[in-house]
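Descriptive analysis of the structure
This is what each chain is made of:
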Amino acid sequence: MAKVRDRGVIHIGLLDGSTGQSAKTQRFVRRIAQAAKAKPVFVTGQEEPLLLRLEEGELDLVLGTFDQKTPWGTRVTVGPPLERIVTGQAHQQQLAPAMRNGENAWISLIEREVRHLAPEAQ
Amino acid sequence: MTTNYPPAVEAGIARGRKLEYWTLAWLTTVIPLMYVVMGSSQAMKTVWIEDMLGFVPPLAYLLSQRLERKPPTAAFPFGFTRVNGVAFVVSSVALAMMGIYLLFEAIMTLVQQEHPTIGTARLFGRDIWLGWPMIAVLLWSTIPSMILGRLKLPVAKAINDKVLHTDADMQKADWMTGIAAMGGIVGIGFGLWWADAAAAGLISFGILHDGINNMRSSTAELVDGAPRNLEDVNLSEEGELLKKRLELEYPGAIIRLRETGRVIRAQAMGAARYAPRPLEALWPGDSDRSWRFAELSFVPNVENDEVAG
């Protein structure tokens, strides 16, 4: 959190191009940028490279569709869902933010904003 | 053979039983609460596993003091008093394992630089930092542990029960770990990811030290070692005084002592005269503790059997 504030930039990874275009996602990014007093900068890419960059600390946040039982669940913190997606598959999918483990102030901020925006998805 | 204890010792054993039932009842509330709040916190998971290990000494005590009352059988002609010694080994291994596990987890966390994650949850319409319910459960895990440990120690000393004493050590390990975990969670809240692991690592040395000492004492008892003190692995002062007293009483005899549970059994090898006396008359220390001297046997001297030291 302190690093985001000092830099004045939030590096956000988007898992596929459409994620950033959803109205809910845009509202969410605006709110966290306001709360962190930082400007969002986006990169798009595939799940594994983006989550690896998140783990390394190059990205502050990754937004995208995750399986509810994603194997990345122990390596990064997948926050509460902005939206639950009905796929007809055995596992439910959700549009959710992923944060780096241990960044507790940042995680708390993200989780609060998600719940504020999407209480029906919790 | 079963041992008949004086009423004061029987009352102490019963009090120990009551304290262990309280311990089990309290642990059955701590374990599920801890599971609910621990989330993905490795520190909380460590405390949870340690609390589960905390079941071992009370169960060992309750089972052993029930079995040791059984009369001798054809298969077990000496009776079941040594069950207390087995329970002592089991309890001390549990304590040592707690220390090893705590130390291992602390080192792995620090070496791998694992940053514990403690997020938030929505409770009663508010976003609550999960550290707060964790601290609340840790308080419930810590305070009764301190109280039970302090209550068990004097009883363990009065009845010379090493299983109960080991359990009191386990209680001490529990509350020290709980305090370290609380400090660690507060530290994590301030961004000090290493706080919990560092505190747990320091505490683990003390727990491991107690566990190893208890293991040394318990295994010494199982192999008929000389009586040890309750609190450490040194030879028991009561035992040494008794040995000297018997050496005076039976000059020329080789006196050997061993412990079976709470009591001491003596053997006079090669005594010039067979002159049994009431055991309480031979006890050199506090007469209220003479119940500890349970048996004196006389055996011929075996020519090649030398006692060193």
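Computed from a prediction, not measured in an experiment: that's the story for all the values here.

This part is about the overall build of chain B. A count of helices and strands for chain B gives nine helices and five strands. Across chain B, helices and strands are ordered from the amino to the carboxyl terminus as α-α-α-α-β-β-α-α-α-α-β-β-α-β. C-alpha extents for chain B along the principal axes are approximately 85 × 35 × 35 Å. The buried share among the 309 residues of chain B stands at 50%. Across chain B, contacts joining residues at least 24 apart in sequence account for 74% of those joining residues at least 6 apart.

Along the chain, I203 of chain B falls in helix α7 (residues 195-222). Measuring from C-alpha to C-alpha, the distance between I203 of chain B and G149 of chain B comes to 17 Å, with 54 residues separating the pair along the chain.

Next up on the list: the pattern of salt bridges. All names here are of chain B. Counting across every chain of the model gives 24 salt bridges over all chains. Between R292 and E238 there is a salt bridge whose closest N-O contact spans 2.7 Å. With a gap of 54 residues between them, R292 in the loop between α9 (279-282) and β5 (293-299) and E238 in helix α8 (residues 237-249) connect regions that are remote in the sequence. E247 is the salt-bridge partner of K243, the closest N and O atoms lying 3.5 Å from each other. Remark: E247 and K243 occur in helix α8; sequence separation between them is four residues, near one turn of the helix.

In many reports, interface size means the accessible area that the parts give up when they come together. Counting from both sides, the interface comprises 11 residues of chain B and, opposite them, nine residues of chain A. Inspection of the region where chain B meets chain A yields one salt bridge. The interface formed by chain B and chain A includes seven residue pairs in polar contact (both at pLDDT 80 or more). Among the elements of the structure, β1 (120-123) and β2 (126-129) of chain B are those that each provide at least two residues to the side of chain B that touches chain A. No other element matches β1 of chain B, which puts three residues into the side of chain B that touches chain A. When grouped by side-chain class, the residues that make up the side of chain B that touches chain A number five nonpolar, four polar and two charged.

All names here are of chain B. Pairing within the open sheet is mixed, and its three strands lie in the order β3-β4-β5. Edge strands, defined here as strands with exactly one partner in the open sheet, are β3 (254-260) and β5. Sheet twist, expressed as the average angle between the axes of neighbouring strands with direction ignored, equals 20°. Sheet topology places β3 next to strand β4 (residues 263-269); seven bridges connect them, and they run antiparallel.

A rise of 1.5 Å per residue sets the reference length of helix α4 (residues 104-117) of chain A, with its 14 residues, at 20 Å; its end C-alpha atoms lie 20 Å apart and thus fit the reference within 8%. Where α4 of chain A is concerned, the buried positions are N104, W106, I107, S108, L109, I110, E111, E113, V114, R115 and L117 of chain A.

All names here are of chain B. The interhelical angle for the contact between helix α1 (residues 7-38) and helix α2 (residues 42-53), taken along N-to-C directions, is 160°, at an axis separation of 10 Å. Relative to α2, the element α1 is oriented roughly antiparallel. Once α1 is placed against α2, the crossing between them reads as left-handed. Of the residues in α2, those in contact with L27, V30, I31, M34, Y35, V37 and M38 of α1 are M44, K45, V47, W48, D51 and M52.

Per-residue confidence for chain B gives a mean pLDDT of 89; residues scoring 70 or more make up 96%. Model confidence for the complex is summarised by a pTM of 0.83, with the ipTM given as 0.78.

Moving on: the packing of helix α4 (residues 83-112) of chain B against helix α6 (residues 162-189) of chain B. All names here are of chain B. Following both chains from N to C, one finds α4 and α6 inclined at 15°, their axes separated by 8 Å at the closest point. Taken as axis vectors, α4 and α6 run roughly parallel relative to one another. In the crossing of α4 with α6, the sense of the turn from one axis to the other is left-handed. In contact with N84, A87, F88, S91, S92, A94, L95, M98 and L102 of α4, α6 contributes K162, V163, T166, D169, M170, A173, D174 and T177. A per-class count over the contact of α4 with α6 returns nine nonpolar, five polar and three charged.

The subject of this paragraph is the packing of aromatic side chains. Residues and elements named next belong to chain B. The full count for this structure, using the stated rule, is five aromatic pairs over all chains. Seen in terms of ring centroids, W129 and W132 are 5.6 Å apart; in terms of plane orientation they differ by 85°. Their pairing is edge-to-face. Using a relative accessible area of 18% as the deciding quantity, one classes W129 as buried. According to the relative accessible area criterion, W132 is exposed, its value standing at 54%. Above the face of the F80 ring, K70 is positioned so that its terminal group lies 5.3 Å from the ring centre.

Let's shift gears to unusual backbone geometry. Within the chain, K37 of chain A stands out as a residue other than glycine whose phi angle is a positive 55°. Take K37 of chain A: it is sitting in the loop between α2 (23-36) and β2 (39-44). A relative accessible area of 66% means that K37 of chain A is categorised as exposed. Of note, D224 of chain B is a non-glycine position whose phi angle comes to about 60°, a positive value. Checked against the element boundaries, D224 of chain B lands in the loop between α7 and α8.

Let us look at α2 of chain B. The terminal C-alpha atoms of α2 of chain B lie 17 Å apart, and with 12 residues this matches the ideal 16 Å at 1.5 Å per residue to within 8%. Where α2 of chain B is buried, its residues touch α1, α3 (56-67), α4, α5 (131-159), α6 and α7 of chain B.

To continue, consider the environment of Y5 of chain B. Residues and elements named next belong to chain B. Counting through the fold element by element, Y5 comes out in the segment before α1. A residue is classified by how much of its surface remains accessible, and Y5, at 11% relative accessible area, is buried. With 296 residues separating them along the chain, Y5 and N301 place their C-alpha atoms 31 Å apart. For Y5, the contacting residues outside a window of four places in its chain are E10, I13, E68, R262, V263 and W291. Among the polar contacts listed, one links the side chain of Y5 to the side chain of R262, at a separation of 3.1 Å.

Procedures and definitions
Residues numbered from 1 in each chain as written. Chains lettered and ligands numbered in written order. Predicted model: local features only at pLDDT ≥ 70, side-chain atom pairs only at ≥ 80, totals over all residues. Heavy atoms only, no water. Helix = DSSP H or I, 4+ residues; strand = E, 2+ residues; numbered from the N terminus. Buried < 20%, exposed > 50% of the residue type's maximum accessible area, 1.4 Å probe, protein only. Contact = heavy atoms within 4.5 Å. Salt bridge = Lys/Arg side-chain N within 4 Å of Asp/Glu carboxyl O. Polar contact = N/O pair within 3.5 Å; in protein donor to acceptor, adjacent residues only side chain to side chain. Nonpolar A, V, L, I, M, F, W, Y, C, P; charged D, E, K, R; others polar. Pairing = 2+ DSSP bridges. Axes fitted to C-alpha atoms, helices over the stretch in contact; angles between N-to-C directions. Expected span 1.5 Å × (residues − 1). Parallel < 35°, antiparallel > 145°, perpendicular 65-115°, else oblique. Left-handed = near helix turned anticlockwise from the far one by under 90°. pLDDT = per-residue confidence, 0-100. Phe/Tyr/Trp six-rings, centres within 6.5 Å; stacked < 30°, edge-to-face > 60°. Lys NZ or Arg CZ within 6 Å of the ring centre and 35° of its normal.

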